[in-house]
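Here is what each chain is made of, one letter per residue.
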Amino acid sequence: MYHIALTHKILDLAKKHHLGKSVNDQNFLMRFIANIDEIHHIFESIYGQTALFSEQFEALIQSIFETHLCRSKALKDRDYQKAKEGNWFLSNQLMGMSLYVDRFAGSLKGMNTKLNYLENLGVNYLHLMPIFESPEGESDGGYAVSNFRKVDARFGSNEDFEKLQKELQSKNMYLMIDIVLNHTSHHHEWAKKAKSGDKEYQDYFYFYNDRNIPDQMDETMPEIFPESSPGSFTYIPEVDKWVMTVFHHYQWDLNYRNPKVFNEMLSNVFHYGNLGVDVLRIDAPAFIWKELGTTCQNLPNAHKLLQLIKLCTEVATPGMALLGEAIVAPAEIMNYFGTGRFINHECDVAYNATHMALQWDALATGDTRIMLSAQHELLKKPFGGTWITYTRCHDDIGLGYDDYMIEQVGYTPYLHRNYLKNYYGGIQEDSPAAGALFAVNPKTNDARISGSLASLCGLEKAKNAKDPQKIEESIQKIIMMQAHSFLLGGIPIIFYGDEVGYENDYSYLQDSGKSYDNRWMHRPVIDWKKNSLHTKKGTIENRIFTATQQLIQIRKSHEAFGDYKNLEWLDSHNKSIVGYKRNLKGKTITCLFNFSDQLQELTHYIFETNGKRPKKVKDLITGKEFKIGMDHDHLVFEPYGFYVLKE
Ligand code: GLC
């Protein structure tokens, strides 16, 4: 809707702030006029009742104009290219890696020397784990930010970051970083002022004089880190008050009921946009709005705030896509792509955390039926939005898919989850997996799982036992798990180290800033001697690296692996084998995966589900051709084997 009076009022405002130059840019003006009414509407619906509404709305407009004025010509050109391409992030050409700069390359400067390695693997999209200032020891891996604009000296300087961004851009690589929207470190200057008793800054957070409201809220708010930071509030002796801390006690939740907080954080979002970030990972967006009597997750106003950010970035930094890191139930996750008229105007990308966990579920049981029973929800993702697909990341694996999905295949949810926790969590002694339980909550019996891809797939135990057959099996599991997620649709993100099979690293137990958080077991410090073995034929590193590289090449060579609502699940008639078809422009590729440790067979009837039986297919992994015969003919699968069959 175009609101003429409002638009003119705002353009006058822009002139008042000497921002007239932006008004002369036709592309910007078009985006501005198209979105401003909606921006005003959402801002008013959240903040209309606050005394600061008009002042802060004016500040928001000013910030949009200033951001556009400061945006470099190079970025504006890149915006234009991306707009021409449209939905560039759906492409099969993107292949990501997520890494800690210091643990991977020592520093930002060091990153420049590792780009060849990444390019050789096929990676062209980098997720740098948080690099902004964060107090050592109370850092949560950088997710407790004390200065959103200053690169932490551990990694280098702001200039180093800018250089790296330019280098990536010149290589046509994409950059993703985080904005930690939900909280700041207690060392952030706002928190320090609040601690010193400054009321204005106490309003940037949720402060309470006593335990009355915190006690009521604790009743309904799930605990995120029940072992290391139980409850959601922390006592601050300096002011004799309680502050909301949903995550660790040193991460203070920002109060988005205060429009100043929104504007301050939006200007940080814009700042990252103007640094040349291609995808901004919005950390923990499910938590940004709180209401008494609720879980304080996924609330309607959290979505409104995300939509507001999206519309503002569409105007000011249009080439920057937004990834909402919401690790929530299957039905909830869809809402992050936007609902109603906001479809595709909230987050462009979300983590397919449900599917990630379901891969681990199938691997432990050899039964893929729960994975299948969840797909009707995951297929609801709208065209234009995409997933991050992954097997491992820096976080734990949560088993948060719905109970009914487990019940549908005849298992009891409680017992089934217990089985998985025992299998992966270091409890079941004869399990091939080496992992640990994370965030165990004795009140709810909930727990999540830590462990690296290789260790959870059995490599660590197999190597310790010097069992060549088990080593083979674990390598095959790793490759099959990666293949399944790379080809599924979405942007695959490998976690650094997994491309050469890093096992768990238990040295975090010696570091008091990390020992309380076993997620550090799967965040390796890269030993480049080990990584260089990827060129030495026959080593484990070489086997995993070359297989990963091949999968990436296969993904990049076939447009059908892009994410264009072109995924169909197959009913395989063999519970250990799951398959999907990727179709595009008349081309079909059928991907079939055996999640069991046994030889399996599948009749050729599979090729008839959802389509006409082709005469022959070619396996893109081995190059082998198969004539497709009658129903009694069958494909044979090695344990954890898979096929990528092009018609
Ligand atoms: C996200 C991050 C996680 C962090 C949390 C709090 O979930 O991925 O590592 O602990 O947010 O910022």
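Before reading on, note that the structure itself is shown above.
What counts, and where the lines are drawn
Residues numbered from 1 in each chain as written. Predicted model: local features only at pLDDT ≥ 70, side-chain atom pairs only at ≥ 80, totals over all residues. Heavy atoms only, no water. Core = buried A, V, L, I, M, F, W, Y, C linked by side-chain atoms within 4.5 Å. Buried < 20%, exposed > 50% of the residue type's maximum accessible area, 1.4 Å probe, protein only. Contact = heavy atoms within 4.5 Å. Near = heavy atom within 4 Å. Polar contact = N/O pair within 3.5 Å; in protein donor to acceptor, adjacent residues only side chain to side chain. Areas by Shrake-Rupley, 256 points an atom, 1.4 Å probe, with all protein chains shown as cover. Nonpolar A, V, L, I, M, F, W, Y, C, P; charged D, E, K, R; others polar. Salt bridge = Lys/Arg side-chain N within 4 Å of Asp/Glu carboxyl O. Helix = DSSP H or I, 4+ residues; strand = E, 2+ residues; numbered from the N terminus. Pairing = 2+ DSSP bridges. Phe/Tyr/Trp six-rings, centres within 6.5 Å; stacked < 30°, edge-to-face > 60°. 1 Å grid on protein atoms, 1.4 Å probe; cavity = no way out; pocket = protein on both sides within 12 Å on 5 of 7 lines; lining within 4 Å. Points joined across faces, edges and corners; volume = space filled by probe spheres on them.

Peer 1: Any details on the nonpolar core? Residues and values, ideally.
Peer 2: With 202 residues, the main nonpolar core has Leu128 and Tyr256 as its most contacted residues. Setting aside residues up to four positions removed in sequence, Leu128 forms contacts with Leu99, Val101, Leu108, Met111, Phe161, Leu164, Leu175, Met176, Ile177 and Asp178. Counting 13 residues, the second largest nonpolar core, distinct from the first, contains Phe607, Phe626, Leu635 and Tyr643.

Peer 1: So what's going on with the site of the ligand? Which residues, and what values?
Peer 2: In the vicinity of the ligand, the contacting residues are Asp140, Tyr143, His183, Phe225, Phe247, Gln251, Arg281, Asp283, Glu325, His394, Asp395 and Arg519. Here an oxygen atom of the ligand and a side-chain polar atom of Arg281 are 3.0 Å apart. Expressed as a share of its isolated accessible area of 310 Å², the protein-covered part of the ligand is 94%. Counted by class, the shell around the ligand contains three nonpolar, three polar and six charged residues.

Peer 1: Got a sec to walk through the pattern of salt bridges? Specific residues and values, please.
Peer 2: For side chains bearing opposite charge, pairing can occur when the charged atoms are close. The tally for this structure, following the rule as stated, stands at 38 salt bridges. Between Arg78 and Asp278 there is a salt bridge, with the nearest N and O atoms lying 3.0 Å from each other. Taken as a pair, Arg78 in helix α5 (residues 73–85) and Asp278 in the loop between α12 (259–274) and β11 (279–283) lie far apart in primary sequence, 200 residues in all. Neither residue differs from the other here; Arg78 and Asp278 are each classed as buried. Residue Asp511 is joined to Lys514 by a salt bridge in which the shortest nitrogen-to-oxygen separation is 3.2 Å. Its relative accessible area of 31% is what places Asp511 among the partly exposed residues. Here Lys514 falls in the buried class, since its relative accessible area comes to 16%. Connected via shared salt-bridge partners are Asp140, Asp395, Asp517, Arg519 and Arg523.

Peer 1: Pulling in residues and values, what's your account of the sheet that holds strand β8 (residues 233–236)?
Peer 2: Here three strands make up an open sheet; going across it, the order is β7-β9-β8 and the pairing antiparallel. The sheet is open, and its two edges are formed by β7 (207–208) and β8, each paired on a single side. Where β7 and strand β9 (residues 241–244) come together, two bridges link them in antiparallel fashion. Within β9, the residue paired with Tyr208 across the bridge is Trp242.

Peer 1: Please give an account of the packing of aromatic side chains that cites residues and values.
Peer 2: Under the counting rule described, the total for this entry stands at 41 aromatic pairs. Where Phe104 meets Tyr496, the ring centres are 6.3 Å apart and the plane angle is 85°; that geometry is what we call edge-to-face. Note that Phe104 is positioned in helix α6 (residues 101–105) and Tyr496 in the loop between β17 (491–495) and α22 (528–532), a separation of 392 residues in sequence. Just as Phe104 is buried, Tyr496 falls in that class too. Relative to Tyr204, the ring of Tyr201 has its centre 4.8 Å away and its plane inclined at 40°; by these criteria the two rings are tilted. For Tyr201, a relative accessible area of 14% gives the class buried. Look at Tyr204 and you get buried, because its relative accessible area is 2%. A connected cluster of aromatic rings, assembled from ring pairs, spans Tyr100, Phe104, Tyr117, Phe495, Tyr496, Trp520, Trp528 and Phe545.

Peer 1: Summarise the layout of surface pockets; cite the residues concerned and give the values.
Peer 2: The calculated volume of the second largest pocket comes to roughly 680 Å³. Forming the walls of the second largest pocket are 31 residues, and the residues nearest its centre are Arg31, Asp79, Ala83, Pro318 and Gly319. Among the elements of the structure, α3 (26–47), α5 and α13 (300–316) are those that each provide at least two residues to the lining of the second largest pocket. Top contributing element to the lining of the second largest pocket by residue count: α3, with six residues. Classifying every residue of the lining of the second largest pocket by side-chain character gives eleven nonpolar, eleven polar and nine charged.

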